[in-house]
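# Coordinate inspection notes
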Amino acid sequence: MLADFLLKYWKFILAIGIVLAIGGLIIPNQILGRIVEFTGFALIAINAYVLGYKMATDEATKYIKDELEKLAKKDIRYKLATERMLKNIKGRIK
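First, a word on what this report is: a plain description of the structure on this page. The structure displayed is predicted, hence computed values, not measured ones.

### A closer look at the environment of leucine 71
- Mapped onto the elements, leucine 71 comes out in helix H3 (residues 30-72).
- Classification of leucine 71 as partly exposed rests on a relative accessible area of 31%.
- Between the C-alpha atom of leucine 71 and that of threonine 82, which follows or precedes it by 11 residues, the distance is 9.6 Å.

Listed below in C-alpha cells is the structure:
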C-alpha cells in the first residue's frame, strides 16, 4: 500500500525530500534544522529503496520469463510453471 503510493507519486516525494534536505541547512535553529534535514534524506532514501526494488523485480521477472519460455518450447509443464511463478511474483509486489 505504501509502496504503491510511493511508486505513483515518487517524483513529488523526491522533490519534497530534496527541498527538506537543503532547507534544513538554511534554518538557523540547529536542532530544528537537523530534524528537517534528516527527514528530507529519509524521504530520499525510502524513495530510492522502493524504486530500486521495483526495478530489480521487473528485471528478474523479465529474465525468468525469458528463460522459462525457452524451456516451455520443449515441454508444456514449464509453461504452466512459468505462469504460476509470475503470478506469485506479481502478488508479492503489491
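### Quick look at the packing of aromatic side chains
- For the structure shown, the criterion picks out 2 aromatic pairs.
- Summarising the aromatic geometry, the rings of phenylalanine 5 and tyrosine 9 are spaced 5.1 Å apart at their centres and angled 55 degrees between planes, so their arrangement reads as tilted.
- For tyrosine 9, a relative accessible area of 34% translates into the label partly exposed.
- Ring centres of tyrosine 9 and phenylalanine 12 lie 6.5 Å apart, and the angle between their planes is 40 degrees; this geometry places the pair in the tilted category.
- Look at phenylalanine 12 and you get exposed, because its relative accessible area is 58%.
- Members of the aromatic cluster, connected to one another through ring pairs, are Phe5, Tyr9 and Phe12.

### Focus on helix H2 (residues 10-26)
- Given a rise of 1.5 Å per residue, 17 residues ought to cover 24 Å, and the 25 Å separating the end C-alpha atoms of H2 matches this to within 8%.
- Among the structural elements, helix H1 (2-8) and H3 are those in contact with the buried residues of H2.

About the thresholds
Residues numbered from 1 in each chain as written. Predicted model: local features only at pLDDT ≥ 70, side-chain atom pairs only at ≥ 80, totals over all residues. Heavy atoms only, no water. Helix = DSSP H or I, 4+ residues; strand = E, 2+ residues; numbered from the N terminus. Buried < 20%, exposed > 50% of the residue type's maximum accessible area, 1.4 Å probe, protein only. Phe/Tyr/Trp six-rings, centres within 6.5 Å; stacked < 30°, edge-to-face > 60°. Expected span 1.5 Å × (residues − 1). Contact = heavy atoms within 4.5 Å.

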